[in-house]
Structures are given as C-alpha cells and as structure tokens.
Amino acid sequence: MKTIAKFEIEYCQCLDEDGNPVGTLPQFTQDASELVKMYRLITLVRTFDTKAINLQRTGKLGTYASCLGHEATHVGAAAAMRADDVLVPVYREYGAQFWRGVAMSDVLLYWGGDERGNDYKHARHDFAWCVPIGSQMLHAAGIAMAMKIRGETRCALAFIGDGGTSQGAFYEAMNLAGARALPVIFVIVNNKWAISVPIESQTATTTLAQKAIAAGIPGIQVDGNDIIAVRHTVGEAIAAARRGKGPSVIEAVTYRLSDHTTADDATRYRKDKEVKDAWRSEPLLRLRAYLKKVGAWDDVREEALKAECAGLVDTAVEDYLQTPKQSTDAMFDFVFARLPKSTREQRELARRYAASGGH
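Since the model is a prediction, treat every value here as computed from it, not as a measurement.

Draft legend 1. Spotlight on the packing of aromatic side chains. Summed over the entire model, instances satisfying the criterion amount to 10 aromatic pairs. Between Y110 and W111, the ring centres sit 5.1 Å apart and the planes meet at 75°, which makes this aromatic pair edge-to-face. Assessed through its relative accessible area of 12%, W111 is described here as buried. With a centroid separation of 4.5 Å and 20° between ring planes, the pair formed by Y110 and W129 is classed as stacked. Of the two residues, Y110 is situated in helix α4 (residues 104–111) and W129 in the loop between α4 and α5 (135–149); the sequence distance between them amounts to 19 residues. With respect to class, Y110 is no different from W129; both count as buried. Aromatic rings pair up to connect F48, Y64, Y94, F98, Y110, W111, Y120 and W129 into one cluster. When the ring centre of W99 is taken as origin, the NZ or CZ atom of K37, which lies over that ring, is 4.4 Å away. In this structure, R231 packs its charged tip against the face of F28, placed 4.5 Å from the ring centre.

Draft legend 2. How the structure looks around the side chain of R231. As for its placement among the helices and strands, R231 is situated in helix α8 (residues 227–242). Among buried charged residues, R231 stands out as having no salt bridge; its nearest opposite-charge side chain is E34, 4.3 Å away. From its side chain, R231 meets the backbone oxygen of A79 in a polar contact 3.5 Å long. Apart from the residues lying within four places of it in its own chain, the contact partners of R231 are F28, E34, G76, A79 and A80.

Rules and cut-offs
Residues numbered from 1 in each chain as written. Predicted model: local features only at pLDDT ≥ 70, side-chain atom pairs only at ≥ 80, totals over all residues. Heavy atoms only, no water. Phe/Tyr/Trp six-rings, centres within 6.5 Å; stacked < 30°, edge-to-face > 60°. Buried < 20%, exposed > 50% of the residue type's maximum accessible area, 1.4 Å probe, protein only. Helix = DSSP H or I, 4+ residues; strand = E, 2+ residues; numbered from the N terminus. Lys NZ or Arg CZ within 6 Å of the ring centre and 35° of its normal. Lys, Arg positive; Asp, Glu negative; His and termini not counted. Salt bridge = Lys/Arg side-chain N within 4 Å of Asp/Glu carboxyl O. Polar contact = N/O pair within 3.5 Å; in protein donor to acceptor, adjacent residues only side chain to side chain. Contact = heavy atoms within 4.5 Å.

By themselves, these figures tell us nothing about what the structure is for.
Listed below in structure tokens is the structure:
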C-alpha cells in the first residue's frame, strides 16, 4: 500500500473574539473607511432584522428568516465582489444584498408574500431568494459556465447553509464547477444548525470545507464572525477564479443567534449556554472593538449611526406598508401562455375570495 494523495484544510482568522489582530492584516484594512462602511452596514442589517421580526409578530409580515449572527459572512463576501459579478443567495443573506443595492423594501415585500420583491430596482442581474435547499448551487454553476463560454472575467458567488451541503445538488454543482474550472465561489455558512439538526448529526466530516476535495476544488475554512477574514478569503478566491483558476469552496463558521425562522422555537432544541457562549464571539461587537482600537470609531458616531439606521429602516417599512396590494390575478399571469380551463377556474375562485374579504 502507498499513499497517492494527501489533503489539508487551512483556517483563516484575522481578528480574535476581542477584536485584536491575529498576525498581519490584509492590505485592504489599511483603509479604515472600508471597514467603517462594512460596520455601518452590519449595524443597518441588524436594525432591519429586529424590525422585520417585530413586523412578523404583529401580523404585518409573513414568516421571516432572521440573519442575526451571520452579518460578517454576508457583508464580507459581498464586499469582495465586483458590481458585475452575480450573487446567488439562499434566503437570509440580506447584508450581501443590501451591499449590492437591493432595497430593504424589496426584502419586506418578498417576506410579505409579494413576488414583486424579487424584481430588484438595482443589482438586477443578481438572483432572487431560493427557498428549495441546494438548488441555487446548480444555478450558480450554470451562470459561471455561461460566463466562461462568453469569455467574461466575471464571477458567480453562491451561499449555502451547512444543512444544504447534504443535498445532491451541492455535490453536483461542485463536480461540474471543478471539471470545467468554472468561475464560481461556493460559500458555506456553517451556523451549526440545520433548523433543529446539529452539525454533528449532519455529517461525519471534520470540516465542511473538505467536501470540496472530492470535486478537485480548493476548500478553506474561515472564521465567519471575522469580517476581515471573510472579505480577504473570498477576495482571494474570486481573484483566482478571474485568472482562470476555477472555483473555490469557503466554509464560514458562524452561529445562528436567532430562531431558524419566525416559525421556529430554538429553545426547544438548543441549550442556553451554547447560545450565550456564541454571543461572546458575534461579529458586530468584534469589528466595533477593532475600529475603536485604531481610532476609526467612537461612542458619538455609534449613537448617530443607530439613529440613522432606525430612520432608514422606518422609511423602508413605510414604503412597504404603503405599496398597493397586487391583484390575485398576479399568481396566474406568468404560468401559461394560454391558461387551461382548470387554471382559469382557479383564477376566478381567487378573485371571489379576494372580493369577499377572505371568506
């Protein structure tokens, strides 16, 4: 017997839990304004997230997926992208979408049951939310194949959760991307839980990043609560993809500080100590601590930012609430070129239902 191949997974961290640098920081951190921009967006996302949950609890929004705790991974990845790249999200990557120009009111429309929320005013080439688990990986691989066929220097980036890496579509997309050296980055957001299923029950692998090895793709694990590490790692992967080096898999280890969605109660399956410990390494406080250490942030600016974010979110909520409701016909408009009899009957039933006030 002889060994014909060996593999290893590297881990990247730039800031420790207290916001202290771990080794030499990437070059882009020399510009504090870039870090402040990311911090401001994390704060906005967290303000938005809190408001959206309140809207759901008061019956003004449908089931909503919180992003609490994921913000550094989402914002950091998007910050590494170019405007002409294509983002392929799951259903809670608001930080990435806001960075790329998606309006908060669009997100609220979507979770309010209005598909017009998918018709972004900006970032129109980015894909809409993908609730079916794993299928967005195939979409991203297909997009990247089109980019390569056209000879473009663009890149696709897809998010997927830890639970999604158990789906066949995850492996199929990686296999295609590796075989064709496609310009696509797969970011695994490992928040330790697939709804109520812990990571230990999902897989026997030491890391999720090592799943890339079977597809011949580089895999790396990064501290997903360290926005500098995420921004750096994703940036390196995208640069390699642009040079024709093919895809990468990046596992961002973070934690879901909230329930899976507003339809979930995580206290039924998670221990209080686990959640309490996770709060000690959450991304917003870590970046704020670093910015204060380098003199780029202070309490005065913090209070001003909170007020600004509250105002922006309130404006988005008002836009959402004032948006005229769609006709029930919208559900049928783009299903068939010529509606069959059964669907016409459904459309008429929906019209009567709406006209009766839902009775």
